[in-house]
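# Close look at the chain arrangement
If you want the building blocks of each chain, they are given just below.
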Amino acid sequence: MELITPEPGLVIWATISFLILLYILGKYAWKPILAAVAEREQSIQTALSQAEAVREEMARLTNENEALLKQARAERDAILHEATKVKNQIISDAKEAAQTQGARMLENARAEINNQKLIAIADMKNQIATLSLEIAEKVLRKQFEDQKKQDELVKELLKGVKLS
Amino acid sequence: MVGTIPLQSFSQENKPAATETKFEPKDVILEHIADKHEWHLWGKAYIPLPVILYTDKGFDTFSSAKLQPAGTNYKGQYYTYQLQNNKIKVVDDAGKIDVAANKKVWDLSITSNVASMWVSMIALLVIFLSMASAYKKRVGKAPKGLQSFLEPLVLFIRDDVALPNIGAKYARFMPLLLTIFFFILFNNFMGIIPVFPGAYNLTGNIAVTFMLAIIILLVVNFNGNKNYWKHLVLPDVPFWILPIMWVVEISGIFSKPLALMIRLFANMTAGHIVVLSLISLIFIFNTLWVSPVSVVFVVFIDAIEVLVALLQAYIFTILSALFIGMAVEEHHPEVI
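So, here's what we can say about the structure.

### Observations concerning the overall build of chain B
Scanning chain B from N- to C-terminus turns up 10 helices and eight strands. Put simply, chain B has 336 residues, and 49% of those count as buried. Taking the intrachain contacts of chain B between residues at least 6 apart in sequence as the baseline, contacts between residues at least 24 apart amount to 62%. Summed over its atoms, the accessible surface of chain B is roughly 16600 Å², and 70% of this surface lies on carbon and sulfur atoms. Within chain B, one finds 25 positive and 23 negative side-chain charges whose respective centroids are separated by 7 Å.

### Observations concerning the nonpolar core
Grouped together as the largest cluster of nonpolar side chains are 76 residues, with contacts concentrated most on Phe-182, Phe-183 and Leu-212 of chain B. Counting only elements with at least two residues in this core, the list comes to helix H1 (8-145) of chain A together with helix H4 (112-137), helix H5 (146-166), helix H6 (174-192), helix H7 (206-222), helix H8 (226-233), helix H9 (242-285) and helix H10 (291-328) of chain B. The element that contributes the greatest number of residues to this core is H1 of chain A, accounting for 14 residues. Beyond its immediate sequence surroundings of up to four residues, Phe-182 of chain B is in contact with Trp-30 of chain A together with Leu-124, Phe-128, Leu-150, Leu-153 and Val-154 of chain B.

### Focus: the pattern of salt bridges
Throughout the structure, instances matching the rule amount to 10 salt bridges over all chains. With a closest N to O distance of 2.6 Å, Arg-158 of chain B and Glu-41 of chain A form a salt bridge. Taken as a pair, Arg-158 of chain B in helix H5 and Glu-41 of chain A in helix H1 lie in two separate chains rather than in one. When its relative accessible area of 7% is taken as the criterion, Arg-158 of chain B is described as buried. Notably, a salt bridge pairs Lys-104 of chain B with Asp-56 of chain B, separated by 3.8 Å at the nearest N-O pair. With Lys-104 of chain B in helix H3 (residues 99-104) and Asp-56 of chain B in the loop between strand E3 (50-55) and strand E4 (58-63), this residue pair connects regions lying 48 residues apart in the sequence. With a relative accessible area of 42%, Lys-104 of chain B lands in the partly exposed category.

### A short note on the sheet that holds strand E5 (residues 73-75) of chain B
Residue and element names in this part refer to chain B. Strands sit in the order E5-E6-E7 across an open sheet of three strands; the sheet is antiparallel. Each edge of the sheet is formed by a strand with only one pairing partner; in this case those strands are E5 and strand E7 (87-91). Direction aside, neighbouring strands of the sheet carry axes that sit 35° apart on average. As defined by bridge partners, E5 adjoins strand E6 (residues 80-84) across three bridges and the pair is classed as antiparallel. Across the sheet, the residue bridging to Asn-73 is Gln-82, located in E6.

### So, empty space enclosed by the protein
Evaluation of the coordinates by the stated rule reveals four cavities of 30 Å³ or more. Here the second largest cavity defines a volume of roughly 110 Å³. In terms of lining residues, the second largest cavity is bounded by Glu-7, Gly-9 and Leu-10 of chain A together with Asp-35, Lys-36, His-37, Asn-86, Lys-87, Asp-107, Ser-109, Thr-111 and Val-114 of chain B.

### Brief notes about the sheet that holds strand E8 (residues 106-107) of chain B
All names here are of chain B. If you walk across this open sheet you meet the three strands as E4-E3-E8, and the pairing is antiparallel. On the outer flanks of this sheet lie E4 and E8, each paired with one strand and no other. As judged from the two bridges shared by E3 and E8, these two strands associate in the antiparallel manner. For Tyr-54, the partnering residue across the bridge sits in E8 and is Trp-106.

### Observations concerning a negative patch on the surface
A cluster of like negative charges, contributed by Glu-145, Asp-146, Asp-151, Glu-152 and Glu-156 of chain A, occupies part of the molecular surface. Examined against the element boundaries, Glu-145 of chain A turns out to sit in helix H1.

### Looking at the packing of H5 of chain B against H6 of chain B
Residue and element names in this part refer to chain B. Relative to each other, H5 and H6 sit at 125°, their axes nearing to 10 Å. In terms of their interaxial angle, H5 and H6 are classed as oblique. Our pair here, H5 against H6, has a crossing hand that is right-handed. The residues of H6 that touch H5, namely those facing Leu-150, Leu-153, Val-154, Ile-157, Arg-158, Ala-162 and Ile-166, are Met-174, Leu-177, Leu-178, Phe-181, Phe-182 and Leu-185.

### Description of the pairing of E4 of chain B
Pairing of E3 of chain B with E4 of chain B involves six bridges; the strand directions are antiparallel. Residue Leu-53 of chain B lies in a different strand from E4 of chain B, and its bridge partner there is Asp-60 of chain B.

### Overview of the packing of aromatic side chains
Tallied over the full model, the rule gives 12 aromatic pairs over all chains. A centroid spacing of 5.3 Å and a plane angle of 80° characterise the contact between Phe-18 of chain A and Phe-183 of chain B, whose relative ring orientation is edge-to-face. With Phe-18 of chain A in helix H1 and Phe-183 of chain B in helix H6, this pair bridges two chains. With a relative accessible area of 0%, Phe-18 of chain A lands in the buried category. Centre to centre, the rings of Tyr-54 of chain B and Phe-59 of chain B are 5.0 Å apart; their planes meet at 55°, and the pair counts as tilted. Residue class for Tyr-54 of chain B comes out partly exposed when judged on its relative accessible area of 41%. Exposure remark for Phe-59 of chain B: the relative accessible area of 47% places this residue in the partly exposed category. The rings of Trp-30 of chain A together with Phe-128, Phe-181 and Phe-182 of chain B are connected pair by pair, giving a single aromatic cluster. Residue placement shows Lys-57 of chain B over the ring face of Tyr-79 of chain B; its charged tip is 4.3 Å from the ring centre.

Thresholds, definitions, all that
- Residues numbered from 1 in each chain as written.
- Chains lettered and ligands numbered in written order.
- Predicted model: local features only at pLDDT ≥ 70, side-chain atom pairs only at ≥ 80, totals over all residues.
- Heavy atoms only, no water.
- Helix = DSSP H or I, 4+ residues; strand = E, 2+ residues; numbered from the N terminus.
- Buried < 20%, exposed > 50% of the residue type's maximum accessible area, 1.4 Å probe, protein only.
- Contact = heavy atoms within 4.5 Å.
- Areas by Shrake-Rupley, 256 points an atom, 1.4 Å probe, with all protein chains shown as cover.
- Lys, Arg positive; Asp, Glu negative; His and termini not counted.
- Charge placed at Lys NZ, Arg CZ, Asp CG, Glu CD.
- Core = buried A, V, L, I, M, F, W, Y, C linked by side-chain atoms within 4.5 Å.
- Salt bridge = Lys/Arg side-chain N within 4 Å of Asp/Glu carboxyl O.
- Pairing = 2+ DSSP bridges.
- Axes fitted to C-alpha atoms, helices over the stretch in contact; angles between N-to-C directions.
- 1 Å grid on protein atoms, 1.4 Å probe; cavity = no way out; pocket = protein on both sides within 12 Å on 5 of 7 lines; lining within 4 Å.
- Points joined across faces, edges and corners; volume = space filled by probe spheres on them.
- Patch = residues over 30% accessible without salt bridge, like charges linked within 9 Å, V, L, I, M, F, W, Y side chains within 5 Å.
- Parallel < 35°, antiparallel > 145°, perpendicular 65-115°, else oblique.
- Left-handed = near helix turned anticlockwise from the far one by under 90°.
- Phe/Tyr/Trp six-rings, centres within 6.5 Å; stacked < 30°, edge-to-face > 60°.
- Lys NZ or Arg CZ within 6 Å of the ring centre and 35° of its normal.

Right, here's the structure in full:
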């Protein structure tokens with residue numbers, strides 16, 4: 001029975017002591033501790049959400065970069081394609097021009113050659129004519145030096161002329 | 001309360017009657033878990049504690065050493081006192097108990113339990129004030145040392161005891177719950193330590209658990225809101241059941257703290273009794289050969305006691321939080 005009877009003295013001391021303990025700890029220990037813990041939790045929470053935001057920003061930037069890169073690549077491809085096209089165009093144009101030019105030059109040359117040939121032929125004809133005349137003159141001169149021969153020739157020629 | 005202190009006391013008690021005195025384990029055990037007027041250190045050494053008596057004529061104060069050895073009559077200012085079974089009794093000159101005078105005397109002495117409570121309080125203050133200063137010094141940094149060891153416990157009380165049971169208004173009750181938890185926990189552990197300054201039975205003393213229960217009773221009922229009182233006075237039942245409900249509810253107000261008081265007292269006292277009983281086996285069988293068995297069992301029970309110390313501090317705190325939570329709850333779900 002003694003074991004389960006609260007001693008008034010101990011109850012009084014325990015109450016006073018506990019209330020003092022409660023007051024001091026409440027004011028100088030629990031309050032700052034809980035405040036500090038709450039504050040730290042708050043800052044951790046803030047840091048976490050900030051990190052999340054940064055991560056999202058990073059992802060956004062990466063996406064953007066990728067899009068830009070893609071776009072740049074597409075542009076480059078387009079430019080290259082264009083360039084190739086232009087180059088081919090230029091080459092084919094140049095070829096065509098060269099061909100035309102060549103053909104024209106060939107044509108010109110041919111015409112020139114033809115001209116020259118005609119000139120040469122004409123010249124040759126003249127010279128042949130001149131030479132022939134000279135030869136004929138020389139022959140005639142020779143023939144006419146001798147009277148007898150002249151007569152012979154007149155005869156000859158007269159033989160040829162058939163009077164019908 | 002193991003090992004050394006029981007042993008030396010046994011020897012003390014056996015010495016005067018050197019012959020075949022029958023060993024009475026019950027008396028010895030109850031003496032050891034009871035409150036005393038001196039604080040045992042070792043062997044016969046003890047710290048005398050102040051005796052404060054409130055008599056009808058005024059305060060009578062003297063050192064408890066004056067009452068030693070047991071049976072000594074000490075003539076105080078107003079009465080003559082003698083120590084009987086660790087209680088101070090008023091006696092007449094012949095050494096007979098003066099029943100009428102005893103009723104007028106209130107014992108407000110600093111007993112061993114009060115002294116050990118103060119020591120534990122100082123320890124708690126040192127621990128937690130230094131912990132609080134660590135938070136001030138290391139603002140925004142990770143906890144370190146004592147701080148990192150105790151912070152999980154503080155957070156446990158906050159997140160797993162106060163928040164789920166009390167709800168949004170938990171912050172107001174945190175200091176009380178934390179103080180109760182660490183007060184009980186620390187004193188439970190100190191009770192398991194068998195040497196000075198431990199080895200006392202503070203949380204296993206009904207006066208202390210009574211005090212804690214009264215505090216919970218007052219806190220719960222002074223914080224009870226409209227819902228709480230309406231549920232008590234006008235529960236949602238047919239009117240003819242109301243008188244029965246009043247009896248039930250009003251007894252409920254007191255039975256909850258009463259259960260808290262009994263549970264902590266019984267658990268801690270039982271642990272001490274079991275440990276002391278196992279030690280007593282050596283003296284009951286009166287042979288040293290029993291001691292290995294006793295020691296093995298005592299170690300086993302001590303391990304359980306460590307668990308019980310934690311568990312009882314936790315249970316007391318969580319039930320306190322639950323009762324407070326029931327009193328401050330805003331929307332009471334009608335479960336009838």
